[in-house]
Amino acid sequence: MDPSPILSIIIVSYQTKAILRDCLRSIEREVELQHEVIVVDNASTDGSAEMVAREFPGMRLVANTVNVGFSPANNQAMAMAQGRLMLLLNPDTVVLPGSIGAWVDRHTAVGATVSGPRLLNPNGDLQVSAWKVPGLANSFLELLYLHRLSGVGGYAGDRFATDFEPGFVSGAAMLFGREVYDRIGGLDPDMFWMEDVDLCVRVRQDGGHCWYFHEPAILHIGGQSAKRNMDRVISNQLISRIKFSRKHAGTLATGALVLVIYLHVLTRFVAFGLLTLFRKDTRAHAYVFTWRKLHRYLFQGDRSI
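Because the structure is a prediction, the values reported are computed rather than measured.

Asks: I would appreciate a short explanation of the environment of Ile9 in the present structure.
Replies: Of note, Ile9 is situated in strand S1 (residues 7-13). Under the relative-accessibility criterion, Ile9 is labelled buried at 1%. Counting along the chain gives 80 residues from Ile9 to Leu89, while the straight-line C-alpha distance between them is 6.9 Å.

Okay, structure coming up:
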């Protein structure tokens with residue numbers, strides 16, 4: 001580790017040993033500018049922390065004894081980071097040749113406050129990684145299964161062939177200066193699945209700029225930790241929308257959103273419950289779990305993720 005790194009690369013891992021190894025090897029192989037790597041392992045039981053300590057002794061490892069969550073773990077690393085730039089990177093990513101240097105150069109050249117690169121699927125196709133800030137309309141159209149047809153919240157495909165300023169960029173690969181952390185804080189520990197949206201919104205409220213860059217590319221496999229627990233995935237996806245609305249929207253908009261989320265959970269429970277009569281589907285159980293957790297959040301103050 002260089003004593004004065006330009007870049008602090010922060011990776012939070014949970015049960016992702018094999019792909020984490022590939023990610024860290026790509027960083028060792030491809031990142032040339034002065035940097036440090038901080039890996040926060042959220043109490044994995046698959047040997048992830050031991051692998052990092054054994055195979056990557058030059059990287060900084062924080063081995064949590066409990067799973068504190070994605071946002072708090074990132075905040076742990078940000079508090080100890082020494083670089084003037086911080087790069088939040090998912091463990092299911094692979095750094096491609098020249099990508100980090102080009103990304104940092106572009107970020108600096110346009111004066112971006114927070115930015116994200118072009119993300120690629122494992123087959124090399126574009127993976128959408130920038131969106132408009134979601135609101136009530138997004139959730140209402142999703143309730144009716146019309147969100148994909150309407151395109152609400154997204155940008156046209158040709159937009160990703162250019163650099164532009166979106167509403168927010170994916171937290172799978174996000175770059176910002178230390179001053180962002182010092183001035184507005186890290187990721188909101190109460191959120192999971194909308195922590196990247198929230199950070200970008202707070203950056204713009206503070207007078208900053210959020211950029212998407214189409215040239216530097218990062219390979220992103222996607223969903224490796226989340227897909228193991230559909231209960232947690234679905235509940236946090238939906239409840240985080242309410243948390244975000246409470247933080248950034250008015251009372252009426254939030255009240256309407258709560259109603260839409262309730263209807264969303266109820267209709268999906270019925271639909272996937274019927275589906276389980278014909279084949280196994282974990283989503284029915286996940287929506288029962290979400291219904292109960294939604295009640296605990298709204299009426300009992302349960303803010304757990």
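There's plenty left to go through after this.
Asks: Can you help me understand the pairing of strand S10 (residues 173-177) in this one?
Replies: Successive side chains on a regular strand alternate, one facing one side of the sheet and the next facing the other. Within S10, 5 of the 5 residues are buried, which leaves the element mostly enclosed by the surrounding structure. Burial of S10 is two-sided: the residues Ala173, Leu175 and Gly177 facing one way and the residues Met174 and Phe176 facing the other way are all buried. Pairing of strand S4 (residues 85-89) with S10 involves 5 bridges; the strand directions are antiparallel. The residue bridging Met86 from the neighbouring strand is Phe176, located in S10. Summarising the sheet, strand S6 (residues 114-120) and S10 pair through 2 bridges and their orientation is antiparallel. Of the residues in S10, the one forming a bridge with Val114 is Phe176.

Asks: Explanation requested: the pattern of salt bridges in the structure shown.
Replies: A pair can form between side chains of opposite charge whenever their charged atoms are brought close. Under the criterion given, the structure shown has 16 salt bridges. Taking the shortest distance from any N to any O, the salt bridge between Asp182 and Arg178 comes out at 3.7 Å. Of this pair, Asp182 and Arg178 both sit in helix H7 (residues 178-184), separated by 4 residues, roughly a single helical turn. Assessed through its relative accessible area of 53%, Asp182 is described here as exposed. Relative accessible area serves as the criterion here: at 21%, Arg178 is assigned to the partly exposed category. Here Arg296 and Asp302 are joined by a salt bridge, their closest N and O atoms 3.2 Å apart.

Asks: Explain the side chain of His107 to me, please; I cannot follow it from the model alone.
Replies: Its location among the elements puts His107 in helix H4 (residues 99-110). The class for His107 is buried, based on a relative accessible area of 4%. Residues in contact with His107, not counting those within four places in the same chain, are Leu85, Ala112, Thr113, Val114, Ser115, Leu175, Phe176 and Phe213.

Asks: Can you walk me through the nonpolar core in this structure?
Replies: For soluble globular proteins, the rule of thumb is that nonpolar side chains tend to be buried together. Judged by nonpolar contacts, the single largest core of 35 residues is most densely connected at Val40, Met78, Val114, Val169, Met174, Phe176 and Cys200. When residues of this core are traced back to their parent elements, those giving at least two are S1, strand S2 (35-42), helix H3 (70-80), S4, strand S9 (168-169), S10, helix H8 (195-205) and strand S11 (210-220). Broken down by element, the residue count for this core peaks at 5 residues, all from H8. Phe176 has contacts with Met78, Leu85, Met86, Leu88, His107, Thr113, Val114 and Leu199, leaving out every residue within four places of it along the chain. One finds Leu7, Ile27, Trp103 and Leu175 within the second-largest nonpolar core, a separate group that totals 30 residues.

Asks: Sorry, what's going on with a nonpolar patch on the surface here?
Replies: Together, Leu266, Phe269, Val270, Leu274, Leu277, Phe278 and Trp291 give the surface a local cluster of nonpolar side chains, amounting to about 740 Å² of exposed area. If you tally residues by element for the nonpolar patch, the top one is helix H10 (residues 251-275), at 4 residues. Assignment of secondary structure puts Leu277 in the loop between H10 and helix H11 (283-300).

Asks: Mind showing me how you'd approach the side chain of Thr113 here?
Replies: Structurally, Thr113 is set in the loop between H4 and S6. Given the relative accessible area of 12%, Thr113 is considered buried. Filtering out sequence-adjacent residues up to four positions away, Thr113 remains in contact with His107, Leu175, Phe176, Gly177, Val180, Val203, Gly208 and His209.

Asks: What is the right way to read unusual backbone geometry from this model?
Replies: For residues other than glycine, phi is negative in most cases, and the peptide bonds are mostly trans. One non-glycine residue, Ala43, adopts positive backbone phi at about 60°. Along the polypeptide, Ala43 turns up in the loop between S2 and helix H2 (48-55).

Asks: Even after reading the chapter, I still don't get the packing of H10 against H11, so can you show me in this structure?
Replies: Relative orientation and spacing of two packed helices are given, respectively, by the angle between their axes and the distance between those axes. At their nearest, the axes of H10 and H11 sit 8 Å apart, and the two run at 155° to each other. Classified by the interaxial angle, the pair formed by H10 and H11 is roughly antiparallel. Considering how the two elements wind past one another, H10 and H11 form a crossing that is left-handed. Counting all contacts with H10, which are made through Val258, Ile261, Tyr262, His264, Val265, Leu266, Arg268, Phe269, Phe272, Gly273 and Leu275, the residues of H11 involved are Arg283, Ala284, Tyr287, Val288, Thr290, Trp291, Leu294, His295, Leu298 and Phe299. Residues belonging to the contact of H10 with H11 are distributed by class as follows: 15 nonpolar, 4 polar and 2 charged.

Conventions adopted
- Once a new chain begins, its residue numbering starts again from 1 and follows that chain's sequence as written.
- Since the coordinates come from a predicted model, pLDDT governs what is reported: local features require at least 70, and pairs of side-chain atoms require 80 or more to be given and counted, while whole-chain, interface and lining totals use all residues.
- The side-chain numbers reported here are obtained from all heavy atoms of the structure, hydrogens and water having been left aside.
- Secondary structure is summarised from DSSP: a helix means a run of H or I of at least four residues, a strand means a run of E of at least two, and numbering begins at the N terminus for each.
- The cut-offs for exposure are 20% and 50% of the maximum accessible area for each residue type, with area from a 1.4 Å probe on protein chains only; residues under the lower value are buried, those over the upper are exposed, and the others partly exposed.
- Here, a strand pair is defined by DSSP locating no fewer than two bridges between the strands.
- Every case where a carboxyl oxygen of Asp or Glu lies within 4 Å of a side-chain nitrogen of Lys or Arg is listed as a salt bridge.
- Between two residues, a contact is recorded if the distance between any of their heavy atoms is within 4.5 Å.
- Take the buried Ala, Val, Leu, Ile, Met, Phe, Trp, Tyr and Cys residues and link them wherever side-chain atoms come within 4.5 Å; each set so joined is a nonpolar core.
- Residues with no salt bridge and a relative accessible area higher than 30% make up the patches, which join like charges within 9 Å and nonpolar side chains (Val, Leu, Ile, Met, Phe, Trp, Tyr) within 5 Å.
- Surface accessibility in these figures is a Shrake-Rupley result with a 1.4 Å probe; residues are shielded only by whichever protein chains are displayed.
- Helix axes use the C-alpha atoms of the stretch in contact, all axes being lines fitted to C-alpha atoms, and the angles between their N-to-C directions lie in the range 0 to 180 degrees.
- Every angle not falling under 35 degrees, over 145, or within 65 to 115 is termed oblique; those three ranges are roughly parallel, roughly antiparallel and roughly perpendicular.
- The crossing is said to be left-handed when, going from far helix to near helix, the turn is anticlockwise and less than a right angle, and right-handed when the turn is clockwise.
- For this scheme, ten residues count as nonpolar: Ala, Val, Leu, Ile, Met, Phe, Trp, Tyr, Cys and Pro. Four count as charged, namely Asp, Glu, Lys and Arg, and the remainder, Gly too, count as polar.

What is shown is where atoms sit, not what they do.
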